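Residues per chain are reported as follows:
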Amino acid sequence: MDLVTVKGLSKRYGGIVALSEATFSARAGEVHALLGENGAGKSTFIQILSGAVRHDGGSILVDGQDYRPANPDAAQARGIAAVFQELSLIPDLSVEQNIWFRHEPRTLLRTVNRAEMRRKTLALLDKYNFPALRPDQELRRLTLAERQIVEIAKGLAKDPRILILDEATSSLPAREAEWLLKLTRQLAAEGRLVIFISHRMAEVRAIADRLTIFRNGSTIAVHEANAVSDNEIVTQMIGRHLDRLYPERIATATDRIALRVKGLSSDSRLSGVDFALREGEVLGVGGLQGHGQRELFQALFGASKASGTIELWGKPVSIANPRQALTGEDGIALVPEDRRGQGLLLTKSVRENLTLSVIKRFTENGLLSRQKEAALVKEMVDFLRIKAGTPEQLAGTLSGGNQQKVIFGKMLLTQARVLLLYDPTRGVDVGTKGEIFQLMRDLAARGYAILFHSSDMPELVHVADRVLVMRNGHVAATLEGDRISEAGILRAAMLENEAA
Amino acid sequence: MAIAEQPVEMAQRPAEMKSAKPGIDWRGRLLDRAPFLVACLMLALIVAIYGSLQSGVFSLDELNLDTAAALTLMLAATGQTIVLVRGGIDLSIGGMISLGTVIAATRFTDDPSTTALWALAVLALGFLIGALNGLLISLLKLQPFLVTLATWSILNGVAMIILPTDGGSVPAWWVGFGYAQLFGLTSPVWMLLALLLFWWWFRATRVGITIQATGSNEKSAFLSGVSIARVNLITYGLSGLFAAGAALFLTTQTGAGSPTIGKDYILPSVAAAVIGGVSLFGGRGHLAGTLIGAFVLTLIGNLVFVLHVSSYWQPVASGVILLLSVLASSVAEKAARGRVQ
Ligand SMILES: Nc1ncnc2c1ncn2[C@@H]1O[C@H](COP(=O)(O)OP(=O)(O)O)[C@@H](O)[C@H]1O
Ligand SMILES: [Mg+2]
C-alpha cells in the first residue's frame, strides 16, 4: 500500500495558482524524485505536506488515513519531516540546539540536558556519517553548505518515516552532495520514504526509484526511473521540446581588455592570480572546489581584501568595498553565490529589489520619478522574462529561477559592463538555465565582459570562450578552443595534486 | 543534449567545513560578549568615580541602598529583556506599573490576607494584560510598538480613574518588606539574586529557548513548529507580570500610589537592556547585562548628586552612556560579521 496518496491538491496565493489538482503517491522504502521547473509548485507541495502551509482543496492520505496538518508539529507527529529549501534554522542557537530545537532532552528542572543533548548529537552525526560539524558552534558562524547539513541533521533527528529534501544538494559542495545521495539510499533501505527534489538530473538518475513530474502546479507524469529517458523528462517538465540547453557560441570578444588582474593575492586563498578578460568575452573560472574561485570573485567585488593590481578598461582601480565596485559604466557588478542572503531582499518587492541600488537613476532634481522607475522596471521584467504577478510581488515568494533573474536585472541596471557571475544557475531549472546562458551570450555580443564560475563543469565547457583553471590560489592553466573539455579542466586542476 | 551528463567525480578532498576547526574561538566569544563587557567596564568606572568622591561607597549598606533604588527598574527591565529577546518591545509596562501602585495604595489594608490577595490579583492582572498584548499582536498582526502604546494609554487612564493624584497608602508592614534583612543583605539584594537565578533557569528551558529562537528568526521558528501566537502570549504575559512585580516593589519604597510614575520606567527599561548588550533585533541578550545596565543608570543619578551639578545632567549622562553602548555593540557586531564572511 502507498504510504502517501495525494489527490486533487490545490493551493492559491492570491491570484497565483501554485498547485492545481496535483496528485502524488509514494511507497515506504523508495526514493521518490519530484521534478519540475522553478515555480512548478514543488516547494508549495512540500510545505503543505510538512504542515507549514495549508491547502485550499484536495485530499492527502498518509497510511490510508486522512491527513491535514495544522502546523509543522502535527506533521512531525505523523512522522513527516522536511528539509526546507529556505532552511528552518535559528541563527542565534548552536548547531546542536538547532538540531534538537523543541525536542531537547531535559533535566528534572525542565532545563535542557546539555550532556545528553551532546551525546545524542554525536550519536546522530556518527550514525549517518555526517561531515564534520562542531555541535557547540553558533549557527550564524556557519557557511551556507554547513547550514544545509545542519538542516538535514535536524530533519533526521525526528527519526521520520517520510523525509523530504527540497533542493538540499544545491548548496552543497560536490563531496557533501555525494554523501547526501548515499545517505538518501541508506534511508530508503531503512524503510523510509524519501521525497527528493533536485534540478540535477544526474543525481536523480543516481538514486531515484520513481519520479513524479510537476508542471504549472499539476502532475504531468509518474515514471519508473529506469523506464524513461532524460529527454522525455525534460520535455515533460518544460512542456515543450528543449532542443538545446546551451546557446551557440559565437566569438564576440574584441581586443579591448575590460578587466586585467595582476598578482592578486590575499591571506586567505589567493596567491598571484593573473588574467585578462576582454570586451565581449565569457571567461570561465573552473577548478576543484576551494582553490580560490570564491575568493577571487569576492576580491574583485571588494567584498574581501586582496593585494595586487586590478585594471578596469585600462585604468588601475582600487576596490576597497562593494560600493566602489558598482559605480557606473566602468564598474563591476556581481551575481553572488548566496542569492537569498546577499543578492536579494526577500521581504521587498521585485521593483524595489531591482531599483534599490540604482535609485539615483530615477531621481530628477532630487525627486524620485516613479514613472521613470516603472518604465525601467517593466523593461527589465520583460527583457529577462521574470514571472511575477506584478512588480510589487515580494521577491521571497518568487521561484528560484525568477529570483535569479531579478538579481540579473539588478546587476544590469547598475550599467556596469564587467559582470561577475558566481554560479548563476545554482538551484535553477533547466528551462531557465537555458535562458540564462542565452542571456550571457547576448550580453557578451553587446560588449559586456563576463567572468563566470559554475560548480557544474559542463556549463563552463559549453558556455565559456576560455576557461581559467585555478589551483592553489592561482591560475594554473588557461584553456581555449578545443582544449576546453571536462577532462582538460580536471587534468589542469589536479596535476599538482597527483604529483604531491 | 548535455543535460544528463554525470557530474564529474571530484577528487576527494577533506570536507572544508570551517566550523569543524577544533579549539575554542576566543576572539569570537570575546566579540559576542563585547557589549556586556563594555557595560561592566562602565559600571566599574562609575563606581570608581563615585567611590573617590564619596566615602563609604564600598560597603554593604551602599549595596543595599543602591539595589533598593535600582530594583524597580530591574524588575521592569527583566520583563522588557524577555520581550526584546523575542524581538518585540513593551511600552505598556509604564501603564501597568502605575496601575499596580494605585491598586496597592487604594486596596491594601492592615489585614495581611486581604493585602496578599490583592497583591496576587495585581500580579495576575499584570500577566493577563500582558497576555492580551501578545494576543492582539498575533491576531491583528500589528507592531508591538503600536499595540503596547495603546494599552499603555488605556492602563494609564484606568490608573487615573482609580487614583487621580499621587496618594493613598500601603500598610507599614508592607513597606517593611523592602527593608527586611537576612545575613546583612536587604530583601532587594536577595530579589536581585533571585532574578539572576530565575534567568539562569528560564533561558535553559524549552519556553525560554523558544522565545529566543522566535526573536532570532520568526519564520524558521514557525517552520520548526513553534506557535508564534503562543510565544507572544507568554512573552508579553511575563513582561506584564514583571511590571506588576515592579509596581508592588515600588510601593514598598514610596509607601503610596502614583498614576503617572510608570512612564519613568518605560524607556529606562529598554535602555538598561541595550546598555547590557541585549539586541533590539531579538535573539540575543542576557539578563545579567540588563541588571548591570540598570545599575549604571541608577548610579549615574548618585554621581550627579555627589558632583553637585544640576540634576538635569542625569538624563544627558544616561543618553551619552546609551550611545556609547550602542556604538560598542555595533562595532562588535561588524567585527564579528567581518570574521564570519
Ligand atoms: N508565499 C507565496 N506568495 C505568493 N506566491 C507564492 C508564494 N509561495 C509560492 N508562490 C508562487 O507559487 C508558485 C509555485 O512556487 P514553488 O512551490 O516555490 O515552486 P518550485 O518549488 O517548484 O520552484 C510560484 O509561482 C511562486 O511564485
Ligand atoms: Mg522550490
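Because the structure is predicted, anything quoted here is derived from the model rather than measured. (Residues numbered from 1 in each chain as written. Chains lettered and ligands numbered in written order. Predicted model: local features only at pLDDT ≥ 70, side-chain atom pairs only at ≥ 80, totals over all residues. Heavy atoms only, no water.)

Things to note about the overall build of chain A
A tally of helices and strands in chain A yields 17 helices and 22 strands. In terms of overall dimensions, chain A is globule-like: its C-alpha atoms have a radius of gyration of 24 Å, near the 23 Å expected for 500 residues. Taken along its principal axes, the extent of the C-alpha atoms in chain A is 70 × 55 × 50 Å. Residue burial in chain A is summarised as follows: out of 500 residues, 58% are buried. Residue pairs at least 24 apart in sequence account for 67% of intrachain contacts in chain A once pairs closer than 6 positions are excluded. Within chain A, one finds 65 positive and 60 negative side-chain charges whose respective centroids are separated by 4 Å. (Helix = DSSP H or I, 4+ residues; strand = E, 2+ residues; numbered from the N terminus. Rg over C-alpha atoms; globule rule 2.2 N^0.38 Å. Buried < 20%, exposed > 50% of the residue type's maximum accessible area, 1.4 Å probe, protein only. Contact = heavy atoms within 4.5 Å. Lys, Arg positive; Asp, Glu negative; His and termini not counted. Charge placed at Lys NZ, Arg CZ, Asp CG, Glu CD.)

Thoughts on the coordination of the magnesium ion (ligand 2)
Residues and elements named next belong to chain A. At 2.1 to 2.3 Å from the magnesium ion (ligand 2) lie its protein donor atoms, namely Ser 43 (OG) and Gln 85 (OE1). Residue Ser 43 is found in helix 1 (residues 42-49), and its partner Gln 85 is found in the loop between strand 6 (80-83) and helix 3 (95-99); the two are separated by 42 residues along the sequence. For Gln 85, a relative accessible area of 23% corresponds to the partly exposed category. (Donors = N, O, S within 2.8 Å, 3.2 Å for Na, K, Ca; no water.)

Details of the sheet that holds strand 21 (residues 466-471) of chain A
Residue and element names in this part refer to chain A. An order of 16-19-20-13-21-22 is seen for the six strands of this open sheet, with the pairing classed as mixed. Two strands bound the open sheet, and with one partner strand each, they are strand 16 (332-335) and strand 22 (474-480). Between one strand axis and the next, the sheet turns through 20° on average, direction left out of account. The sheet strands contacting helix 14 (residues 400-413) are strand 16 and strand 19 (418-422), and the helix crosses strand 16 at an angle near 175°. The sheet contacts of helix 15 (residues 430-445) involve strand 13 (282-287), strand 19 and strand 20 (449-453), and relative to strand 20 the element is tilted by about 150°. (Pairing = 2+ DSSP bridges. Axes fitted to C-alpha atoms, helices over the stretch in contact; angles between N-to-C directions.)

Describing the nonpolar core
A general trend in soluble globular proteins is that nonpolar side chains are found buried together. Of all hydrophobic cores here, the largest spans 123 residues; its most connected members are A:Phe130, A:Ile152, A:Leu156, A:Leu211, B:Met74 and B:Ile97. For this core, the element with the highest residue contribution is helix 12 (residues 287-306) of chain B, accounting for 12 residues. Residues within four places of B:Met74 in sequence aside, it is in contact with B:Leu192, B:Leu195, B:Leu291, B:Ala294 and B:Phe295. A:Leu344, A:Val377, A:Met411 and A:Leu460 belong to the second-largest nonpolar core, a separate cluster that totals 52 residues. (Core = buried A, V, L, I, M, F, W, Y, C linked by side-chain atoms within 4.5 Å.)

Quick look at the site of ligand 1
Residues and elements named next belong to chain A. In the vicinity of ligand 1 lie 15 residues, with Gly 39, Lys 42, Ser 43, Thr 44 and Thr 397 positioned nearest. The backbone of Ala 40 places a nitrogen or oxygen atom 3.2 Å from an oxygen atom of ligand 1. Within the side chain of Ser 43, a nitrogen or oxygen atom sits 2.8 Å from an oxygen atom of ligand 1. Its free accessible area being 560 Å², ligand 1 has 81% of it covered by the protein chains. Going through the elements one at a time, strand 2 (16-26) and helix 1 are the ones with two or more residues in the shell around ligand 1. Of all the elements, helix 1 adds the most residues to the shell around ligand 1, at three residues. (Near = heavy atom within 4 Å. Polar contact = N/O pair within 3.5 Å; in protein donor to acceptor, adjacent residues only side chain to side chain. Areas by Shrake-Rupley, 256 points an atom, 1.4 Å probe, with all protein chains shown as cover.)

Notes on the confidence of the model for chain B
Where the model shows low pLDDT, its predicted coordinates should not be examined in detail. Residues and elements named next belong to chain B. When the pLDDT values of chain B are averaged, the result is 85; 90% of them are 70 or greater. Taken element by element, chain B is modelled with least confidence in helix 13 (residues 313-340), mean pLDDT 74, and with most confidence in helix 10 (residues 228-254), mean pLDDT 95. For this predicted complex, the interface confidence comes out at an ipTM of 0.84, alongside a pTM of 0.75. (pLDDT = per-residue confidence, 0-100.)

So, the environment of B:Ala204
In this structure, B:Ala204 sits in the loop between helix 7 (187-202) and helix 8 (206-216). Setting aside chain neighbours within four positions, we find B:Ala204 in contact with A:Arg110, A:Thr111, A:Val112 and B:Ile209.

Let's talk about the domain arrangement of chain A
Residues and elements named next belong to chain A. With domains assigned, chain A is organised as domain 1 (2-241) and domain 2 (257-494). Inter-centroid distance (C-alpha atoms) of domain 1 to domain 2 is 30 Å. Counting residues at the interface gives 17 residues for domain 1, matched by 16 residues for domain 2. Buried surface at the junction of domain 1 and domain 2, both sides included, amounts to about 1,200 Å², of which 53% is carbon and sulfur. By the criterion of area lost to domain 2, the three top residues of domain 1 are Asn 38, Leu 144 and His 199, representing 36% of everything that side buries. Where domain 1 touches domain 2, the interface holds one residue pair in polar contact (both at pLDDT 80 or more). Examining the composition of the side of domain 1 that touches domain 2, we find that three residues originate from one element, helix 8 (residues 230-238), more than from any other. Here the side of domain 1 that touches domain 2 is built from residues that sort into seven nonpolar, six polar and four charged. (Domains from an automatic or database assignment. Buried area = accessible area lost by both parts, 1.4 Å probe. Nonpolar A, V, L, I, M, F, W, Y, C, P; charged D, E, K, R; others polar.)

Section: the confidence of the model for chain A
On average, residues of chain A score 86 in pLDDT, and 94% of them reach the 70 mark or higher. No element of chain A has a lower mean pLDDT than helix 10 (residues 322-326) of chain A, at 64, and none a higher one than strand 8 (residues 193-197) of chain A, at 95.

Things to note about the packing of helix 1 (residues 26-53) of chain B against helix 12 of chain B
Residues and elements named next belong to chain B. Orientation of helix 1 relative to helix 12, taken along the N-to-C sense of each, is 25°, at an axis distance of 9 Å. When the interaxial angle is binned, helix 1 and helix 12 end up roughly parallel. In terms of crossing hand, the pair formed by helix 1 and helix 12 is left-handed. Where helix 1 abuts helix 12, its residues Phe 36, Ala 39, Cys 40, Leu 43, Ile 46, Val 47, Ile 49, Tyr 50 and Leu 53 lie against Ala 288, Gly 289, Ile 292, Phe 295, Val 296, Leu 299, Ile 300, Asn 302, Leu 303 and Val 306. Taken together, the residues that form the contact of helix 1 with helix 12 break down as 17 nonpolar, two polar and no charged. (Parallel < 35°, antiparallel > 145°, perpendicular 65-115°, else oblique. Left-handed = near helix turned anticlockwise from the far one by under 90°.)

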